[in-house]
Structures are given as structure tokens and as C-alpha cells.
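Read off the chains here:
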Amino acid sequence: MTHRIAVIPGDGIGKEVMPEGLRALEAAARRFGIDLALEHFDFASCDYYAAHGQMLPDDWFEQLKDADAIFYGAVGWPETVPDHISLWGSLLQFRRRFDQYVNLRPCKLLPGVKSPLADRKPGDIDFYVVRENTEGEYSSVGGKMFEGTDREVVIQETVMTRTGVDRVLKYAFDLAQTRPRRKLTSATKSNGIAITMPWWDERVKAMGVHYPEVSVDQFHIDILTANFVMHPDWFDVVVASNLFGDILSDLGPACTGTIGVAPSANINPDGTFPSLFEPVHGSAPDIAGRGIANPIGQIWSAAMMLEHLGHQDAGQAIVDAFEAVLSEGDPTVLTPDVGGHGTTETLGRAIAARIAG
Ligand code: NAI
Ligand code: MG
């Protein structure tokens, strides 16, 4: 079986880390006998915008919908295109139209990467944040009235549906079930948000009945953020609504050090549409063009993509490879953000060589 992968580097360091992501991906594919068909696209970038006046071609949906996955770099070049145009015109279109209702981010402290939390070592922080990615607090239900007058009023309603909440909870429970600790934490705020959040808690309970081996706890979002910092070792799989998940999925990776290594997946678990895999970081205009961006966020995203496509062994081999290279700590190989003086390419090549075995 051939996996069709749509490759979209985007802007800035997206174009620099993508070749290293592909190098790792192809090394793993060779070693594990995985057949990949890569298709390259130049849209969803600010260069494309400069040439065409829009971020995507009119038929982007047709062009991408049959891919098995989208491998994405980063979008944004605020000097020429305002961020809300570049982001809404590309990535957010993909997330919505391809119903990528799970946003998944691993939060794992890697060897050789310094955590901003004192005295934390690899093994102490190793969990996933599962964020609902399509509804919840980020709804378009609402409006403005009496604008510019003393009676000005704005309303934006949270929308939670049983379909939308149950499907992300199911994904999170399924994930917890595959992990050794089998633990799920729900982010709530049922003491303050007294309609939707108590209902969210009920849905968590109802879903939990189907997963007797998974132990479940819940925290209100305020103390949960504090516990991410004070007790990151408590967590295994954390599931949250769109807004709470947005916050937690930045805070979690931040607790594990450099933004350059964090990956993320926007998943359509039904497989109706392609899922999208990308580093957490953006296009980093401040370091773009210097060849010093850390490629691990992109490479780890490749590992998540292979796992999503059913190749757990290949995904694990990639993770093992970059952990090994980080552990060795060779400063001529590592990028400056992890204490070296190497380049995107030296680090990418070292990881690919490890993957090849
Ligand atoms: P950013 O993530 O691009 O950069 C933040 C800081 O982290 C910068 O100092 C940068 O040099 C550093 N950094 C990021 N990735 C790195 C890597 N791989 N290795 C070493 N250092 C790294 O966020 P920023 O500056 O807020 O946004 C820049 C552009 O990226 C904007 O246009 C923004 O809209 C876009 N963006 C796109 C995202 C995406 O495509 N998913 C996500 C976040 C931002
Ligand atoms: Mg965010």
C-alpha cells in the first residue's frame, strides 16, 4: 500500500526544516519498507500570496482531499502578509474543511534539553494534550449590537455538541488505553461555567464507562495550569475543550524546553479526510535564512504521521533516533537552541543516519 503525502513547507524556517523532516521520513520508510508517494505544493505560503493574491488556489480542497496525510512546515511572514490573513487563509481552512477535530501534542522532556522547571529530568514529563479542535468556545455564534453607543453589547456563545465532545473524548480514552499508565485527566471549570462544563464532566463519566482500565481524574483549568508547572509528572493523557486545550497545549510543551522540538498533529480520526502534521513553532522570521533552526519539531511530526498511518515501529525509530542524538550532545551537530553550534542540516543528517541504523 502506498501512502500519499502532501508536502507543504510554507514560509521562513518551514522551508529549512522541511528537507530534514523529509530526510528522516524517507530514512524510516526505507528501513521499514514503507511505500510513500510525496507530492509537493507551494501554496499555503506568503510567497504564493505575493504571486496570486490569495494563500490557496481555488481548488485546494480537490488537490489535497485524497492525500493520506499532509506534512506541513510553518506559515507566516508578517512583514508582507498580516498573520490573520496567512493563518486563516491556509492552516485554519485545512483544520475546518478536513474536520481535524483532534489537536494532539506530546509534552515530553527530552535528553539534553533543559526544562524551565527546576530539577526536572527526562521521564518526569511525558504526557499528551488532546484538544477539541472544531467547536466549544471558538464558535461563530454571537454578535454585536448598538456598536459605538453606551448600550454596546457583544455576545459569543460556547457551542458543545454531544457528537463533537464524545468523539474527542473517545480519541483521548483510546490513546490513554494504549499507554502504560492508562490515565486520563479532564480539564474542566464546572464550578464557574455552570452549564457547559458540568455537562462536559457528565460526558467524560459516560465515556469512561467503556474504558474500565483507564483511571480518570479532573481538575478545574486554573489549578490544572498550576499543576502542569508544579507536578508535570502527574499527567499521562489530558483532554480539554478548544479554549482550555489551546492554553494547555502551549503550556505543556513550554514546560519541556525549546519550542524548536515540539510537534503537533491535527487529526481526522475517521480517516474521511487527511490529517495534518506540523511542528508547533512558526516561521521564525528572526532566524530564517541562517540555517540554524532546530529541525526536531518537524522530524517528530514525521514520526507522529507515520504512527497515524499505522507504522508505530517506524515512528518509534525516529523518536529513538533524535533522543539518541540529543543524548550524545555533540555541539558540532546540535543547533544553537539546544546548546550547539551546528546547523539545521548537521542535526537533520545525524538523526537520519541513526534512523537508517
Ligand atoms: P515562532 O514560533 O515562529 O518563533 C518564536 C521564537 O522561537 C523565535 O524567537 C524563534 O526564533 C524561535 N524558534 C521557533 N522555531 C524554532 C526552531 N525550530 N529552532 C530554533 N528556534 C526556533 O513564533 P512567532 O515569532 O510568534 O511567529 C512568527 C510567524 O509564524 C508569524 O507569522 C506567526 O503567525 C507564524 N506562526 C505559524 C504557526 C504555524 O504555522 N502553525 C504557529 C505559530 C506562529
Ligand atoms: Mg495556541
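Residues numbered from 1 in each chain as written. Chains lettered and ligands numbered in written order. Predicted model: local features only at pLDDT ≥ 70, side-chain atom pairs only at ≥ 80, totals over all residues.

*Asks:* Please clarify how the UniProt feature "domain: Isopropylmalate dehydrogenase-like" (unreviewed entry) in the chain should be interpreted in this entry.
*Replies:* With numbering aligned to this structure, UniProt lists the feature "domain: Isopropylmalate dehydrogenase-like" (unreviewed entry) at residues 4-351. Taken end to end, residues 4-351 has its terminal C-alpha atoms 23 Å apart, with 39% of it in helix and 19% in strand. (UniProt positions renumbered as here; feature names shortened; annotations may be inferred. Helix = DSSP H or I, 4+ residues; strand = E, 2+ residues; numbered from the N terminus.)

*Asks:* Quick question: what am I supposed to make of unusual backbone geometry here?
*Replies:* For residues besides glycine, phi is generally negative; the peptide bonds are generally trans as well. Positive phi, close to 60°, is recorded for alanine 44, a residue that is not glycine. Within the secondary structure layout, alanine 44 lies in the loop between β2 (35-40) and α2 (46-52). Although it is not a glycine, phenylalanine 146 adopts a positive phi angle of roughly 55°. Here phenylalanine 146 is to be found in the loop between β6 (142-145) and β7 (153-156).

*Asks:* Hey, could you run me through the sheet that holds strand β1 (residues 2-10) in this one?
*Replies:* What holds strands together in a sheet is hydrogen bonding between their backbones, with the strands either parallel or antiparallel. Strand order in this open sheet of 10 strands is β2-β1-β3-β12-β11-β4-β5-β10-β8-β9, and the pairing throughout is mixed. The two strands at the open ends of the sheet, each matched to only one other strand, are β2 and β9 (215-220). On average, each strand axis in the sheet is tilted by 25° relative to the strand beside it, whichever way the strands run. Where β1 meets strand β3 (residues 69-74), five bridges bridge the pair, whose relative direction is parallel. Its bridge partner lying in β3, glycine 10 is registered against alanine 74. Its contacts with the sheet put helix α8 (residues 221-230) on β8 (183-188) and β9, and the angle it makes with β9 is roughly 110°. (Pairing = 2+ DSSP bridges. Axes fitted to C-alpha atoms, helices over the stretch in contact; angles between N-to-C directions. Contact = placed C-beta atoms within 7 Å.)

*Asks:* Could you clarify how one ought to interpret helix α12 (residues 344-356) in this entry?
*Replies:* Owing to its 3.6 residues per turn, the α-helix aligns residues three or four sequence positions apart on the same side. Its 13 residues give α12 an end-to-end C-alpha distance of 18 Å, which sits within 8% of 18 Å, the value for a rise of 1.5 Å per residue. Turning to α12, its buried residues number three or more, namely Thr344, Leu347, Gly348, Ala350, Ile351, Ala352 and Ile355. Contacts from the buried residues of α12 go to α1 (14-32), α10 (296-308) and α11 (312-328). Of the residues flanking the end of α12, it is glycine 357, one or two places downstream, whose phi is positive at about 90°. (Expected span 1.5 Å × (residues − 1). Buried ≥ 20, exposed ≤ 12 C-beta atoms within 10 Å, placed from the backbone.)

*Asks:* Just to check I follow, could you spell out the site of ligand 1 for this structure?
*Replies:* In the region of ligand 1, 23 residues are neighbours, and Gly76, Gly260, His281, Gly282 and Asn294 sit closest. Taken together, the residues of the shell around ligand 1 break down into 12 nonpolar, seven polar and four charged. (Near = placed C-beta within 6 Å. Nonpolar A, V, L, I, M, F, W, Y, C, P; charged D, E, K, R; others polar.)

*Asks:* Can you help me understand α8 in this one?
*Replies:* Every buried residue belonging to α8 is among Ile221, Leu224 and Phe228, and all of these are buried. Angularly, the buried residues of α8 cover 50° about the axis, an arc narrow enough to put them on a single face. Turned more than 90 degrees from where α8 packs its buried face, Asp222, Ile223, Ala226, Val229 and Met230 sit exposed. Buried residues in α8 make contact with β8, β9 and α9 (242-254). (Arc of directions from axis to C-beta.)

*Asks:* Any chance you could explain the packing of α10 against α11 here in plain terms?
*Replies:* When two helices pack together, their arrangement is given by the angle between their axes and by how far apart the axes lie. With their axes 7 Å apart at the nearest point, α10 and α11 run at an angle of 160° to one another. Regarding the angle of α10 to α11, the classification is roughly antiparallel. Remark: the crossing between α10 and α11 carries left-handed chirality. Along the contact surface, α10 presents Ile296, Ile299, Trp300, Ala302, Ala303, Met304, Leu306 and Glu307, while α11 presents Gln312, Ala314, Gly315, Ile318, Val319 and Phe322. A per-class count over the contact of α10 with α11 returns 11 nonpolar, two polar and one charged. (Parallel < 35°, antiparallel > 145°, perpendicular 65-115°, else oblique. Left-handed = near helix turned anticlockwise from the far one by under 90°.)

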